[in-house]
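Commentary on secondary and tertiary structure
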Amino acid sequence: MSTKTVAASVAFGFLISASLSAQAGTTLDAVKERGFVQCGVNTGLPGFSNADEAGKWTGLDADVCRAIAAAVLGDAEKVRFTPLTAKERLTALQSGEVDVLSRNTTWTLTRDTSLGINFTGVTYYDGQGFMVSKSLEIASAKALDGAAVCILAGTTTELNLADYFRTNGMQYEPVVFDTADQTARGFEAGRCDVLTSDQSQLYGLRIKLKEPDKAEILPDVISKEPLGPAVRQGDDAWFNIVRWTLFAMVNAEELGVTSANVDEMKTSSNPEIRRLLGLEGIKGKGLGLADDWAYRIVKQVGNYGEVFERNVGSGSPLGIPRGLNALWRDGGLQYAPPIR
């Protein structure tokens, strides 16, 4: 390679590097300038993102938004929630209407490669299931041949449903709705025999029914549905912040650091805890955040276990067991890289 060619290559590389540097941190800068995180959430799904009568948003997905705000802005309440339907959610993220999508959205190959978005992690390991009336006395989804099925448009559940029935040589009649609440009302009104969705969503929809005890969720799980936050491609700095917000919450649970004891833990001699709380090690430099970014998450929002338990776990109306969402050491899949 000639000297001129080498020089040209170096110059080209410099230009690419400069271009990427100019793009990096764009979302972070915008969030800091406006003073809040714009977060896309479900229009109303108990346990995940749901507004009460006073307009306060609660749920696991909503708390992820608060954790990001705590890490970036130092205040978990500096979030504005944008309720989005399944059809609207990806477009809202792509267009920049929201900074992050934290809305029970399944991580798939197509979404992660072809739509200009990146998933940052898994906040809830889920799977598609079925809710039926107990009066039907159905024990398995294999008994649903010929059933009318309420389903939400614009979701992975449509393809999963078609695959499952075709594989098992069964027929069904789809009854399609635009919102989750509409599917529940359709099910309650008898427009379908069964409602299908992610099992987490079925638990949330069941408690909205007038007589939730008359419906049951079948044990069958027909798909993998890893749900988690997504951001736009091309902004690695923001991607890292959202990703490590979740990792900090998982690491905090593993280390026994909670919202109640996090101040006491500042005196710990455990190097992992000290790194988590920004007392030593890399601190916040690599993320462009304050050294106590993870401390603020745990103090204001809680660790992953706390967030799970109060929103969807045994301490909540949904009463969902940890299952796959337990820590790896407890037989689950929740596992975070170390902070070091």
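Our subject is the structure that appears above.
To keep things clear, this report deals only with the structure shown in the data block. As the structure is a prediction and not an experimental result, all values here were calculated from the model.

Turning our attention to the sheet that holds strand β9 (residues 147–152). The five strands lie next to each other as β10-β9-β11-β8-β12, forming an open sheet whose pairing is mixed. Since the sheet does not close on itself, it has two edges, and those belong to β10 (172–177) and β12 (215–217), each with one partner. Direction aside, the axes of adjacent strands within the sheet are offset by 30° on average. Bridging between strand β8 (residues 128–133) and β12 involves three bridges; their strand directions are antiparallel. By the bridge assignment for β12, serine 133 is matched with alanine 215. Where helix α6 (residues 156–167) meets the sheet, its contacts fall on β8, β9, β10 and β11 (194–198), and the angle it forms with β8 comes to roughly 80°. Most of the contacts of helix α7 (residues 180–188) go to β9, to which it runs at about 160°, and overall it touches β8, β9, β10, β11 and β12.

So, on to α7. Here α7 has its buried residues at Ala180, Thr183, Ala184, Gly186 and Phe187. Projection of α7 onto a plane perpendicular to its axis shows the buried side chains occupying an angular sector of 160°, all on one side. Looking at the buried residues of α7, the elements they touch are β8, β9, β10, β11, α8 (199–206) and β12.

With that settled, consider the pairing of β9. With six of its six residues buried, β9 lies for the most part within the structure. Burial along β9 is two-sided: the residues Ala147, Val149 and Ile151 and Ala148, Cys150 and Leu152 are all buried. Examined bridge by bridge, β9 and β10 share six bridges and lie parallel to one another. Bridge assignment links cysteine 150 to a residue of β10, and that residue is valine 175. Handedness of the crossover joining β9 and β10 through α6 is recorded here as right-handed. Here β9 runs beside β11; their pairing, made up of two bridges, is parallel.

Turning our attention to the environment of alanine 290. On the secondary structure map, alanine 290 appears in the loop between α10 (271–276) and α11 (293–300). With relative accessibility at 33%, the residue alanine 290 sits in the partly exposed group. Sequence-wise, alanine 290 and glycine 74 are 216 residues apart; in three dimensions their C-alpha atoms are separated by 8.7 Å. Discounting residues that sit within four places of it in the chain, alanine 290 has contacts with Gly284 and Arg296.

A few words on the side chain of glutamate 253. With respect to the helices and strands, glutamate 253 occurs in helix α9 (residues 236–255). Within the structure, the side chain of glutamate 253 is placed 3.2 Å from the backbone nitrogen of glycine 305, a separation counted as a polar contact. Excluding anything up to four places from it in sequence, glutamate 253 contacts Asn303, Tyr304, Gly305, Arg322, Leu327 and Arg329.

This brings us to the packing of aromatic side chains. Taken as a whole and assessed by the stated rule, the structure comprises 10 aromatic pairs. Taking 6.0 Å as the distance between ring centres and 5° as the angle between the ring planes, the aromatic pair formed by tyrosine 124 and phenylalanine 308 counts as stacked. Placement of tyrosine 124 in strand β7 (residues 124–126) and of phenylalanine 308 in helix α12 (residues 304–311) is noted, with a sequence separation of 184 residues between them. The exposure class of tyrosine 124 is buried, given its relative accessible area of 5%. Look at tyrosine 304 and phenylalanine 308: their rings are 6.1 Å apart centre to centre, the planes differ by 40°, and that puts the pair in the tilted class. Within this pair, tyrosine 304 and its partner phenylalanine 308 are both found in helix α12, separated by four residues, close to a single helical turn. Taken individually, tyrosine 304 and phenylalanine 308 each receive the classification buried, so the pair is uniform in this respect. Put simply, the rings of Phe48, Tyr124, Tyr304 and Phe308 pair up and form one aromatic cluster. Over the ring of phenylalanine 36 we find arginine 80, and its NZ or CZ is 4.0 Å from the ring centre.

The next point concerns the state of the cysteines. Covalently bonding the sulfur atom of one cysteine to the sulfur atom of another cysteine gives a disulfide. Scanning the model with the defined rule gives two disulfides in all. Shown here is the disulfide that connects cysteine 39 with cysteine 65, its sulfur atoms set 1.9 Å apart. One quick way to see it: the torsion about the S-S bond of cysteine 39 and cysteine 65 is about -50°, and its sign makes the bridge left-handed. Pair noted here: cysteine 39 is in strand β1 (residues 37–42) and cysteine 65 is in helix α3 (residues 60–73), with a separation of 26 residues, a long-range link. Of the two residues examined, cysteine 39 and cysteine 65, each falls in the buried class.

We now examine the layout of surface pockets. Empty space among the atoms becomes visible once a probe the size of a water molecule is rolled across them. By volume, the largest pocket amounts to about 240 Å³. For the largest pocket, the lining is made up of 18 residues, of which Tyr124, Tyr125, Asp126, Gln199 and Ile320 are closest to its centre. For the lining of the largest pocket, the per-class residue count stands at nine nonpolar, six polar and three charged. By volume, the second largest pocket amounts to about 180 Å³. Lining the second largest pocket, in full, are Asn251, Glu254, Leu255, Glu272, Arg275, Trp328, Tyr335, Ala336, Pro337, Pro338 and Ile339. Those elements giving two or more residues to the lining of the second largest pocket turn out to be α9 and α10. If one sorts the elements of the lining of the second largest pocket by residue count, α9 sits on top with three residues. Broken down by class, the residue content of the lining of the second largest pocket amounts to seven nonpolar, one polar and three charged.

How each quantity is defined
- Residues numbered from 1 in each chain as written.
- Predicted model: local features only at pLDDT ≥ 70, side-chain atom pairs only at ≥ 80, totals over all residues.
- Heavy atoms only, no water.
- Pairing = 2+ DSSP bridges.
- Helix = DSSP H or I, 4+ residues; strand = E, 2+ residues; numbered from the N terminus.
- Axes fitted to C-alpha atoms, helices over the stretch in contact; angles between N-to-C directions.
- Contact = heavy atoms within 4.5 Å.
- Buried < 20%, exposed > 50% of the residue type's maximum accessible area, 1.4 Å probe, protein only.
- Arc of directions from axis to C-beta.
- Right-handed = clockwise from strand over helix to strand, strands pointing away.
- Polar contact = N/O pair within 3.5 Å; in protein donor to acceptor, adjacent residues only side chain to side chain.
- Phe/Tyr/Trp six-rings, centres within 6.5 Å; stacked < 30°, edge-to-face > 60°.
- Lys NZ or Arg CZ within 6 Å of the ring centre and 35° of its normal.
- Disulfide = S-S within 2.5 Å.
- 1 Å grid on protein atoms, 1.4 Å probe; cavity = no way out; pocket = protein on both sides within 12 Å on 5 of 7 lines; lining within 4 Å.
- Points joined across faces, edges and corners; volume = space filled by probe spheres on them.
- Nonpolar A, V, L, I, M, F, W, Y, C, P; charged D, E, K, R; others polar.

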